[in-house]
Amino acid sequence: MRPSLFFTTSLSLSSHFLHNRVVRVLSSTTALHAISRSNDGTVIISPQDEAQHSATVILCHGLGDTANGWVEPTQYLANQLPHVKWILPTAPTQPVTLNGGMPMPSWYDIVGLDSRSSEFCNGLDDSMERILSLVEDEVSGNDSSTTATTACVNPLDYSR
């Protein structure tokens, strides 16, 4: 069976809510997942036993954060869901107009908070291509001819 693929740009779980559980679980369990890091800041948390892999979640952090900020909460979730592979990309560091042009990890330049639908989002196309590349790599990296792919893509539109 080909693994399912899930994508999200936000979590309803906060780091604060998970902190005590994460520390307790990580200190009392053996590693069920392997962690790898790439030069672009992407962190991948994969099941130790690849035969268990039946779903993938791509989790994108918020403004000013990095993949590293989500490693501990994701390890907690990974221990609860040992069949899931977690891909945590890091946004490129670029100036953000809303924050006085200060460079920070961001998926695109945020110009302002009003009239969001009419603002130009410099960098959004590049970020969208990067995330879609992760999705395509994950889908094409599996052998089976059948798949159940679920995408919760917000605000990206995957129309390939």
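Residues numbered from 1 in each chain as written. Predicted model: local features only at pLDDT ≥ 70, side-chain atom pairs only at ≥ 80, totals over all residues. Heavy atoms only, no water.

1. Overview of the pairing of strand β3 (residues 43-47)
So, point 1. The buried fraction of β3 amounts to four of the five residues, a majority that puts the element mostly inside the structure.
So, point 2. Sheet topology note: the strand β2 (residues 33-37)/β3 ladder contains five bridges and is antiparallel. Within the sheet, the bridge partner assigned to H33 lies in β3 and is P47.
So, point 3. What sits between the antiparallel neighbours β2 and β3 is a turn of five residues, in which G41 has the positive phi angle 95 degrees.
So, point 4. With three bridges connecting them, β3 and strand β5 (residues 84-88) associate as antiparallel partners. Bridge pairing links V43 to L88 in β5. (Buried < 20%, exposed > 50% of the residue type's maximum accessible area, 1.4 Å probe, protein only. Helix = DSSP H or I, 4+ residues; strand = E, 2+ residues; numbered from the N terminus. Pairing = 2+ DSSP bridges.)

2. Thoughts on the pattern of salt bridges
So, point 1. Considering all chains together, one arrives at two salt bridges under this definition.
So, point 2. The partner of R130 in a salt bridge is D40, and the shortest N-O contact between them spans 3.2 Å. Highlighted residues: R130 in helix α3 (residues 124-140) and D40 in the loop between β2 and β3, separated in sequence by 90 residues.
So, point 3. The partly exposed category is assigned to D40, whose relative accessible area is 43%.
So, point 4. For E138, the salt bridge goes to K85, with nearest N and O atoms at 2.9 Å. On the criterion of sequence distance, the pair formed by E138 in helix α3 and K85 in strand β5 is long-range, its members being 53 residues apart. (Salt bridge = Lys/Arg side-chain N within 4 Å of Asp/Glu carboxyl O.)

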